[in-house]
Amino acid sequence: MQLSRDDLLQAYRRMKIIREFEERLHEEIQTGEIAGFTHLYCGQEAVAVGVCENLTDDDKLVSTHRGHGHCLAKGCDVSGMMKEIWGSREGLCKGKGGSMHIADVDKGMLGANGIVGAGAPIMVGAALAAKLNGKGNVAVSFSGDGACNQGTTFEAMNMAVVTKAPAIFVFENNHYSEHTGVEYAVGTEKDIASRAEAFGMKVARADGTDFFAVHDTMREILEYVRAGNGPAAIEFDTERFFGHFEGDPQRYRGKGELDRIREERDCLKKFRESVTGAKLLEGADLDKVDEEVLAQIEQAVQDARSAARPTAEDVLEDVYISY
Amino acid sequence: MARVMYRDAVRDTIFKEMQRDENVVVLGEDVVGGMGTAGGPEAIGGIWSTSGGFYEAFGPDRVIDTPISESAIVGAAGGLALSGKRPIAELMFADFIGVCLDQIWNQIAKFRYMFGGKTKCPAIIRCIYGAGYNAAAQHSQAPTGILTSMPGLKVVVPSTPADVAGLLRQAIRDDDPVIFMEHKALYGLKGEVPDDDDYTIPFGHARLCRAGEDVTILASGMMVGMAEKAADKLAEDGVGADVIDLRTTSPLDEEAILDSVEVTGRVVVVDEAPPRCSLATDLCALVAEKAFASLKAPPVAVTPPHTPVPFARELEGAYLPNPDKIEAAVRKVLAYNS
Ligand SMILES: Cc1ncc(C[n+]2csc(CCOP(=O)(O)OP(=O)(O)O)c2C)c(N)n1
Ligand SMILES: [Mg+2]
């Protein structure tokens, strides 16, 4: 599908926001201001954005521990997320959840998730609700190559098939679950899509570092699922540019691997080459977006730094609606 | 004696027991680390560095790096144990018992009883638990009490490197399933550990860490250090506290608790889990039932509130027990009716 100039600029902006958000966090974490465990999404931007550009706020998304990119792509507020990661009471989740639990239900973002494999069943529920509502909406889960080994993921896939839920299982294969390689942990010759296929659903595979491949594959699958044909799965081959979590020494990487993937598998670089090569956008258009995004991230960090801190009384709120 | 870190006491004890008994096997996510990668096996040796060098020494059949599959890990530990092995399964975070609770609660804990005492299940589930790292609601919990409520499980909560060594070795040699709770904030703690390769601490024997006659403070895991700090502060004001480290919550050393309360007549219970239906309420009930006549004040529990563990520093700080809160609780029981 031919994307309009505005569509292209928006997609690039969203990917760039994720990139700069994460690059900045990588720096800020060294200063000790940010607490907790942070898993950065850098390198996988084209997957989140290529998938989510096809969705509306009424389509639901369930994410993972590596959720910043999914949240940003689904439209969560940049500043609200930054404040959450800083633990501010002005954050999207009032500082109660932090990096691993960002959610914004109004945007159809049903939460990042600290439990690997917890997302897929929740997504099936959201898909069944969409089916009940009958408006053609879908639900999407992101899962890693590690999460695909959880029984919960298997159960969710089978249940989605037997209930014909409008569910889309997006598998982001970044080749590692923590320090373990996908070749070791996934028994089916590294292939995740074939597992989904064995459960009886339509599957597709695409290069997750190529925004256009992601976008087109998702659009095709989405049409199929929206039409009431039941669930589907997509496996994207992608790369994570940082460690599993911030502070990971990454001894499992090959020599020169990080330089190579930054050089050859950078989805933003590829996007730029592709759109300028085809004369769809000028380099200057993208430079302008780069500048604006950097300023936006800078502002978000400044806001997060000075945002109100939570107090001891806040601990007790939000456990229940009524007491 | 050697000065050893808590985490190294875990590693060294398992290593030596694996050398001693070829039936001891280890399994869990990234317990080798680097499997199927360019960096190769042992690229990390466990995310908590508690299994470094295992793979090299004992090979893939005894050091089993698993996919992310907690139900299968714990279930397989059960099957290994029913088949004559002594598996040590690692749950990278204790919170993940949520993923595999069936295998712990309905399977491993109950085999012996359901099978009429005709089998044994010497499986160890190492649970890395506790708050203090702003790891939020799904990576910070202390399910010690929940697991203690399950008949069939022994639950061990070491608070020092020496206790890690003695209790872990005991657990490995024990024929029942054992939940071994390691507090992540204690991993860097250093302490003297006996060199004896047969050093064991029998289950159900609490440790008296401070002695005093005015109040009894009951604690386990990370709470022990906090209770000791509070006791030291109170001692400056002439208040004497018995600080009792439970060491194992199942079996529980009731005698040590009741003997102490008989003298002090006052009890403060400290626990890291929310208060309802908890270890804290269990201990309060114990002294109310069995030491009622000695009590000079109602028992007081110092616990987090009835909420999940929050993320932000300020929130987690307010959530957790600390020495000040323990001291205040002691002053409260001392002030009762006086
Ligand atoms: C149930 C559960 N088990 C283990 C973990 C620890 N853990 C967090 S992320 C992770 C690896 C996940 O790998 P993958 O699904 O490939 O996602 P990626 O990190 O590559 O994005 C593990 C083992 C967890 N959070 N939850
Ligand atoms: Mg992965």
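Our structure's up above, just so we're on the same page.
Because the structure is a prediction, the values reported are computed rather than measured.

Basis of the calculations
Residues numbered from 1 in each chain as written. Chains lettered and ligands numbered in written order. Predicted model: local features only at pLDDT ≥ 70, side-chain atom pairs only at ≥ 80, totals over all residues. Heavy atoms only, no water. Contact = heavy atoms within 4.5 Å. Buried area = accessible area lost by both parts, 1.4 Å probe. Salt bridge = Lys/Arg side-chain N within 4 Å of Asp/Glu carboxyl O. Polar contact = N/O pair within 3.5 Å; in protein donor to acceptor, adjacent residues only side chain to side chain. Helix = DSSP H or I, 4+ residues; strand = E, 2+ residues; numbered from the N terminus. Nonpolar A, V, L, I, M, F, W, Y, C, P; charged D, E, K, R; others polar. Donors = N, O, S within 2.8 Å, 3.2 Å for Na, K, Ca; no water. Buried < 20%, exposed > 50% of the residue type's maximum accessible area, 1.4 Å probe, protein only. Pairing = 2+ DSSP bridges. Axes fitted to C-alpha atoms, helices over the stretch in contact; angles between N-to-C directions. Near = heavy atom within 4 Å. Areas by Shrake-Rupley, 256 points an atom, 1.4 Å probe, with all protein chains shown as cover.

Colleague: Report on the interface of chain B and chain A, specifying residues and quantitative values.
Modeller: The interface of chain B with chain A comprises 39 residues on the first partner and 46 residues on the second. Buried surface at the junction of chain B and chain A, both sides included, amounts to about 3300 Å², of which 63% is carbon and sulfur. It is Ile68, Phe311 and Leu315 of chain B that lose the most area in chain B upon contact with chain A, and together they represent 20% of the buried surface on that side. Applying the counting rule to chain B against chain A returns one salt bridge. A salt bridge links Glu314 of chain B to Arg309 of chain A; the nearest nitrogen and oxygen atoms lie 2.6 Å apart. One can count 17 residue pairs in polar contact (both at pLDDT 80 or more) joining chain B with chain A. Among the elements that take part in the side of chain B that touches chain A, helix H11 (residues 313–319) of chain B stands out by supplying five residues, more than any other. Looking at the side of chain B that touches chain A, its residues break down into 23 nonpolar, eleven polar and five charged.

Colleague: Describe the coordination of the magnesium ion (ligand 2), naming the residues involved and giving the relevant values.
Modeller: Residues and elements named next belong to chain A. Those protein atoms acting as donors to the magnesium ion (ligand 2) are Asp145 (OD), Asn174 (OD1) and Tyr176 (O), and they sit at 2.1 Å. In primary-sequence terms, the residues that donate to the magnesium ion (ligand 2) follow D-x28-N-x1-Y. Taken as a pair, Asp145 in the loop between strand S2 (139–144) and helix H6 (151–162) and Asn174 in the loop between strand S3 (167–173) and strand S4 (176–177) lie far apart in primary sequence, 29 residues in all. The pair Asp145 / Asn174 is uniform in exposure class, with both members buried.

Colleague: An account of the sheet that holds strand S11 (residues 241–245) of chain B is needed here, citing residue identities and associated values.
Modeller: All names here are of chain B. Ordered by their spatial adjacency, five strands build an open sheet running S9-S11-S10-S13-S14, and the pairing between neighbours is mixed. Both edges of this open sheet fall to strand S9 (207–210) and strand S14 (300–302), since each of them pairs with a single strand only. For this sheet the average axis-to-axis angle between neighbouring strands, irrespective of direction, equals 25 degrees. Pairing of strand S13 (residues 267–270) with S14, which is carried by three bridges, proceeds in the parallel orientation. Across the sheet, residue Val268 finds its bridge partner in S14, namely Val300. Strands strand S10 (215–219), S13 and S14 of the sheet are contacted by helix H12 (residues 323–335), whose axis makes an angle of about 175 degrees with S14.

Colleague: How would you summarise the site of ligand 1 if you had to cite specific residues and measurements?
Modeller: Contacts to ligand 1 come from 22 residues, most closely from His65, Arg66, Gly114 and Asn174 of chain A together with Glu70 of chain B. The residues that come close to ligand 1 belong to more than one chain, namely chains A and B. One of the side-chain N or O atoms of Asp145 of chain A is found 3.0 Å from an oxygen atom in ligand 1. Relative to its free-state accessible area of 580 Å², ligand 1 is covered by the protein chains to the extent of 97%. By residue class, the composition of the shell around ligand 1 is eight nonpolar, nine polar and five charged.

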